[in-house]
Amino acid sequence: MGHTSLEKLIRLQRKTSSIRNICILAHVDHGESEYLINLIDSPGHVDFSSEVSTAVRLCDGAIVVVDAVEGVCPQTQAVLRQAWLENIRPVLVINKIDRLIIELKLSPQEAYTHLQKILEQVNAVTGTLFTSKVLEERAVKEVEVQEALSEPSSGELVYDWSAGLEETDDSHLYFSPDQGNVVFASAIDSWGFSIHQFAQIYCQKMGVRSEVLQKTLWGDFYLNAKAKKIMKGAQSKGKKPLFVQLVLDNIWSLYDAVVTRRDKEKVEKIVASLGLTVMARDLRHSDPKVLLSAICSQWLPVSQAVLSMVCEKLPSPSEIGAERVERLMSVGTRRFDSLPEKTQELKQVFLDCTSEETAPVIVFVSKMFAVDSKALPQNRQRPLTQEEITQRRDLARQRHAEKQAASQSAENPESANAGGTPAVTSANKEEEKEHFIAFARVYSGVVRRGQRVFVLGPKYDPALSLRTLPDGCSAADPLPSVPHLACCTLEHLYMLMGRELEELEEVPAGNVLGIGGMEEFILKSATISTSPACPPFTPLNFEATPIVRVAIEPKHPSEMPKLVRGMRLLNQADPCAEVLIQETGEHVLVTAGEVHLQRCLDDLRERFAKIGISASKPIIPFRETVIRPPKVDMVNEEMGRQQKVAVIHQAKDEQSKYPEGVHVDSTGLVTLTTPNKMATVGIRAVPLPEEVTRLLEGNSELIRTMEQFSLFAREGKTLEISQKTLEEIQGFKSKLEGLLQGHKWRNAVERIWAFGPRRCGPNILLNSVEGYRRPSVWQCVEREKEKSEAVMLRDFDNSIVSGFQLATLSGPMCEEPLMGVCFSVESWEIKFSSQLTQQDSVEEDSVSQQALEADNNASVKGCNEIKGGLKNVGDTTDCYGPFSGQLIAAMKEACRYAFQAKPQRLMAAMYTCEIMATADVLGRVYGVLSKREGRVLNEEMKEGTDMFIIRAVLPVAESFGFADEMRKRTSGLASPQLVFSHWEVISSDPFWVPTTEEEYLHFGEKADSANQALKYMNAVRKRKGLYVEEKIVEHAEKQRTLSKNK
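Below is a short write-up of the structure. (Residues numbered from 1 in each chain as written. Predicted model: local features only at pLDDT ≥ 70, side-chain atom pairs only at ≥ 80, totals over all residues. Heavy atoms only, no water.)

To continue, consider the overall build of the protein. A tally of regular secondary structure across the protein gives 33 helices and 36 strands. Here the protein holds 1046 residues, and 46% of them are scored as buried. In the protein, once contacts between residues fewer than 6 apart in sequence are set aside, the share between residues at least 24 apart is 74%. Counting every atom, the protein has about 54600 Å² of accessible surface; 50% of that belongs to carbon and sulfur. (Helix = DSSP H or I, 4+ residues; strand = E, 2+ residues; numbered from the N terminus. Buried < 20%, exposed > 50% of the residue type's maximum accessible area, 1.4 Å probe, protein only. Contact = heavy atoms within 4.5 Å. Areas by Shrake-Rupley, 256 points an atom, 1.4 Å probe, with all protein chains shown as cover.)

Okay, structure coming up:
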């Protein structure tokens, strides 16, 4: 790439139509065209897909690179999905075509078929995304039709039964070489081409128009030499397709002459026919790849092919779509038309992407990245003048003379430099300091250095701000405090030039830039604007889920402040990493996977903390659940009478272990009374169907919205929710009703009391208390019904919910969150005795005599309440503490006992694992998987190759070192891709003991064979400092020595 002056780049920044902001997975030269192309590189490993998300948000287009041999991988699907969610246009580069020639040794015809299949795979992913979008729109249309049907109408209504896919034009979405959005390349050999380039080459030779060739070079077309026509039906007539004849045959011939045969004469003919100039040293070079690269880089330069495609097929910032703008501006549950009028007017500002003086500045910061202070332009070393060089030379000579004199007089050599050392150290400290640059894009207006702007947090509400702040105010004015709004000055603006930064005075709309001095105002991402009406942008879509945790501590305890500061910097610099401080005081780092974890630890040691650190073994998350009683035992035989009797005896033994006030019946109903005997709750635990658990887990955001609406309703406020979100909630409710069928789940959806833990988890609290009706959790979709039927909350209702939340947050097995459990509240009674009320009257906040007489010996069941008495009792404190606290503790313990009354199981986090391997190492791949508790789902052979694709699931707990072991065992011929998939119940019972003769024969009297669930459970309990029931020494014997004691 030729050097481009900064002045020329600044001039190009002002021409929005010539800007291309693209995310790419390979480096491309921008050539000689007058376009300003911002290339944002993003890593290909699945652990770093968060980096793809931050890049995609700032772009208008993306180059998706696919391996010609491996085809579509999990990460390819993730990248295409992220591009789709952000409404940006992708183009395709099929790379490493040289591997089809050299490694797989495919013929041109076989390679053409292989490339067709790769295109089909990529388009299948795009087609799936498009279909889901059309069907969503169709669902919205159906709701509108239903509403129209419910209204009385004189006209005849015609219902449209089509899915909406037939009339929707989706031809522009797919990748097709004849559309010009596909480039075939071999980056290592420096060549790449699009159909358009060969159409230009052959149009003059064949006398066929370029447009005709562009449409027929890819597809089922062949050249009829006799008729001198391009005809259709190459496959059916056994003819060679045009793409093979005119394109691939030539490339295969070049490889054959240069790499395979090394035919010097033929190479010279090819060079002469193509009109190329190859240097003599390249022709004589011992490595044929050097000559190949020299020929291809002139004949089919990859940079020119990709650049042409980017400039012609990807949009400029001024071509941003209205749908994308609305999606960016609609945060969470808010719909665009519910935003304030002034906020909605900003939509046109986005679409115009203008750099006029009157246009408000709108900037989005997608991530913060750390740079060394030496890399900042203001600290960069400038060229020295002649005078400064002379002065430094004299100073160096003087120091050298002083050092020699000091050594001759046998003095300490360090004494001469004692005075200068502190200054150098302080200077070094200043240089070593990490600075954060905000990686951002200007969507509107002109950003200027020294400008005062508003920084909008993710929870910023423009409606509240517009009511609070005066009209026409700016960030420079003294303003009242507004939640999630801060004012700051843009200290430094930078043009990002790879590793170098160039300082700028101003940046117009449509450009990508770096902003310095924002670390105090922005944690990871934020919206910047000069208008308080601007809404915060929607949060970034992260594909990877942070799931791998480690506890970190410094090797020297005195360096703890450095570790804390380093982890704070890492948290700010990495969009996916999370830093937590647990209740135990441990500093925990949460990452997306093993590779991401190693990268974060290296950054902590070398950049941010710069100290020695010790990381614990990975903290593996588990979940606890209950299942239906199993029908077969541990040796896969039906449970007989003997086992059932053993289970009954075991249950009786356990009943004797329960403390006073706890009763568990044979059906699993737990009845528990508070210590002061005032309240009794009856709880039953029921396993939720697996589909329901998945549904709850996938709709946590909707549940959180419903909870927020209910909270606002209790406070007498209203929360505006978009129509789309309301439809999603209604659809979620319908799905839940469809899955919870049967006698025991009758009317269960309407009786849902709460979700947990954290009020949005995959567990349900069910209201089965006779006669107690409370406000529905579905209030947001049943507003009219709720208004007509006034339903009151019973006192201490919140204590029941709080106890449930605590119980689901940490289960009884190893204090891990629960999953897929429904707790049904069968009874809830509150009683008051005269003795207790007399005790309460002694307290400071005593109940009045009138209330005592009214409440004496009263029993409150169901909805029968005496509010004054209940409230007073809630305020009083006896020797057991406040009544509300006792009820919370009782509810929590009752849930735990109800959970233990059912068959308990652990749930493990699972990765999906995709491995490509040859048939030679297939057995070793299976060996590594089985050793680590992996389960193969399917295997298929890639057509035309000797490669197998193995898809498996693997517990996260067994995944550490898995990739390294796989590479070692297969000599590098297999490499796995791990992506977090789901939670899975571990089938073995951690509390199992043998009861039948078969089990005793199979497992032995002690049954001490490896129980995977028990191993996991004990490991978690040990880490948390909980009691672990294990024998340290078994069958101890006296030590025997070889010789007698003397």
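Still more to cover.
Turning next to a positive patch on the surface. Together, Lys374, Arg565, Arg568 and Lys610 make up a positively charged patch on the protein surface. Here Lys610 lies in the loop between helix H19 (594–608) and strand S22 (613–615). (Patch = residues over 30% accessible without salt bridge, like charges linked within 9 Å, V, L, I, M, F, W, Y side chains within 5 Å. Salt bridge = Lys/Arg side-chain N within 4 Å of Asp/Glu carboxyl O. Lys, Arg positive; Asp, Glu negative; His and termini not counted. Charge placed at Lys NZ, Arg CZ, Asp CG, Glu CD.)

Turning our eyes to something else, we now look at the environment of Val588. Among the structural elements, Val588 can be located in strand S21 (residues 587–591). Under the relative-accessibility criterion, Val588 is labelled buried at 0%. Discounting chain neighbours no more than four positions away, the residues touching Val588 are Arg549, Val550, Ala551, Met567, Glu578, Val579, Leu580 and Gln582.

Attention now moves to the sheet that holds strand S19 (residues 548–554). Read from one edge to the other, the open sheet built from four strands follows the order S20-S21-S19-S22, with strand pairing classed as antiparallel. Looking along the sheet, the strands with just one partner apiece sit at the ends: strand S20 (578–581) and S22. Sheet twist, expressed as the average angle between the axes of neighbouring strands with direction ignored, equals 30°. Pairing of S20 with S21, which is carried by four bridges, proceeds in the antiparallel orientation. Note that in S21 the partner of Glu578 across the bridge is Val590. Contacting S19, S20, S21 and S22, helix H18 (residues 560–573) crosses the sheet at an angle of about 25° to S21. Against the sheet, H19 makes contact with S19, S21 and S22, and its axis sits at roughly 135° relative to S21, the strand it touches most. (Pairing = 2+ DSSP bridges. Axes fitted to C-alpha atoms, helices over the stretch in contact; angles between N-to-C directions.)

This part takes up the pattern of salt bridges. Following the criterion strictly, the structure yields 38 salt bridges and no others. In this structure, Arg324 engages Asp60 in a salt bridge whose closest nitrogen and oxygen atoms are separated by 3.6 Å. Residue Arg324 is located in helix H13 (residues 322–329), and its partner Asp60 is located in the loop between helix H2 (49–57) and strand S3 (61–67); the two are separated by 264 residues in the primary sequence. Here Arg324 matches Asp60 in class, with each residue buried.

The buried fraction of strand S35 (residues 947–955) is high, at eight of nine residues. Sheet topology note: the strand S33 (residues 904–918)/S35 ladder contains nine bridges and is antiparallel. Counted as the bridge partner of Ile915 is Ile950 from S35. Pairing of strand S34 (residues 935–941) with S35, which is carried by six bridges, proceeds in the antiparallel orientation. What sits directly across from Met941, in S35, is Phe948.

Aromatic ring pairs are described here by two measures, namely the spacing of the ring centres and the angle between the planes. The final tally for this structure, using the stated rule, is 23 aromatic pairs. Taking 5.6 Å as the distance between ring centres and 45° as the angle between the ring planes, the aromatic pair formed by Phe350 and Phe537 counts as tilted. In this pair, Phe350 sits in helix H14 (residues 341–352) while Phe537 sits in the loop between strand S18 (526–529) and S19, placing the two residues 187 residues apart along the sequence. For the pair Phe350 and Phe537, one class covers both residues: buried. Members of the aromatic cluster, connected to one another through ring pairs, are Tyr112, Phe184, Trp191, Phe193, Phe198, Tyr202, Trp218, Phe243 and Trp299. Just above the ring of Phe364 sits the side chain of Arg57; from NZ or CZ to the centre is 5.0 Å. Directly above the ring of Tyr443 sits Arg441, whose terminal nitrogen or CZ lies 4.6 Å from the centroid. (Phe/Tyr/Trp six-rings, centres within 6.5 Å; stacked < 30°, edge-to-face > 60°. Lys NZ or Arg CZ within 6 Å of the ring centre and 35° of its normal.)

Moving on: unusual backbone geometry. Going from Gly756 to Pro757, the amide bond is cis rather than trans, its omega being 0°. Within the fold, Pro757 resides in the loop between strand S27 (752–756) and strand S28 (763–767). For Lys96, which is not glycine, the phi torsion reads 65° and is therefore positive. With respect to the element layout, Lys96 can be found in the loop between strand S4 (89–95) and helix H4 (98–102). Of note, Glu933 is a non-glycine position whose phi angle comes to about 65°, a positive value. Position of Glu933 among the secondary structure elements: in the loop between helix H30 (922–931) and S34.

What follows covers the packing of helix H25 (residues 797–809) against helix H29 (residues 883–900). Contact pair H25 / H29: the axes reach a minimum separation of 7 Å and the direction vectors enclose 45°. With respect to H29, the axis of H25 lies oblique. Here H25 and H29 pass one another in a crossing that is right-handed. Note on element contacts: H29 touches H25 through Ser884, Leu887, Ile888, Met891, Lys892 and Cys895, opposite Ser799, Ile800, Ser802, Gly803, Phe804, Leu806 and Ala807. Classifying every residue of the contact of H25 with H29 gives eight nonpolar, four polar and one charged. (Parallel < 35°, antiparallel > 145°, perpendicular 65-115°, else oblique. Left-handed = near helix turned anticlockwise from the far one by under 90°. Nonpolar A, V, L, I, M, F, W, Y, C, P; charged D, E, K, R; others polar.)

Bringing the pairing of strand S8 (residues 229–232) into the picture now. One ladder, built from four bridges, connects strand S7 (residues 221–224) with S8; its direction is antiparallel. Along S8, the bridge assignment pairs Tyr222 with Met231. Adjacent in sequence and paired antiparallel, S7 and S8 are bridged by four residues, among which Lys228 carries a positive phi angle near 55°.

Glancing now at the environment of Ala974. By the element assignment, Ala974 lies in the loop between helix H31 (962–969) and strand S36 (975–985). What makes Ala974 buried here is its relative accessible area of 0%. It is 7.9 Å that separates the C-alpha atoms of Ala974 and Val921, two residues lying 53 residues apart in sequence. Beyond its immediate stretch of four places on either side in the chain, Ala974 contacts Ile915, Met916, Ala917, Val925, Met966 and Arg967.

This part is about the side chain of Ser529. Relative to the elements of secondary structure, Ser529 occurs in strand S18. On the basis of relative accessibility, which here comes to 0%, the residue Ser529 falls in the buried class. In terms of polar contacts, Ser529 uses its side chain to reach the backbone carbonyl oxygen of Val361, at 2.9 Å. Residues in contact with Ser529, not counting those within four places in the same chain, are Val361, Ile362, Val453, Phe454 and Cys534. (Polar contact = N/O pair within 3.5 Å; in protein donor to acceptor, adjacent residues only side chain to side chain.)

With that settled, consider the nonpolar core. Counting residues in hydrophobic clusters, the biggest one holds 71 residues, and the most contacted among them are Ile515, Met518, Ile552, Leu589, Ile915 and Phe962. When residues of this core are assigned to their parent elements, the largest contribution, six residues, is made by S33. Those residues in contact with Met518 that lie beyond four places of it in its chain are Met368, Ala438, Val455, Cys488, Leu490 and Ile528. One finds Val66, Val259, Val267 and Leu291 within the second-largest nonpolar core, a separate group that totals 65 residues. (Core = buried A, V, L, I, M, F, W, Y, C linked by side-chain atoms within 4.5 Å.)

Let us look at the sheet that holds strand S12 (residues 452–456). Sheet architecture is open: eight strands sit in the order S13-S12-S18-S9-S10-S17-S14-S15, paired in antiparallel fashion. With one partner strand each, in any of the chains shown, strand S13 (485–489) and strand S15 (500–504) form the two edges of the open sheet. Each strand of the sheet is rotated relative to its neighbour by a mean of 40°, with strand direction disregarded. In terms of strand pairing, S12 meets S13 through five bridges, oriented antiparallel. By the bridge assignment for S13, Arg452 is matched with Thr489.

Purely geometric numbers; function is a separate question.
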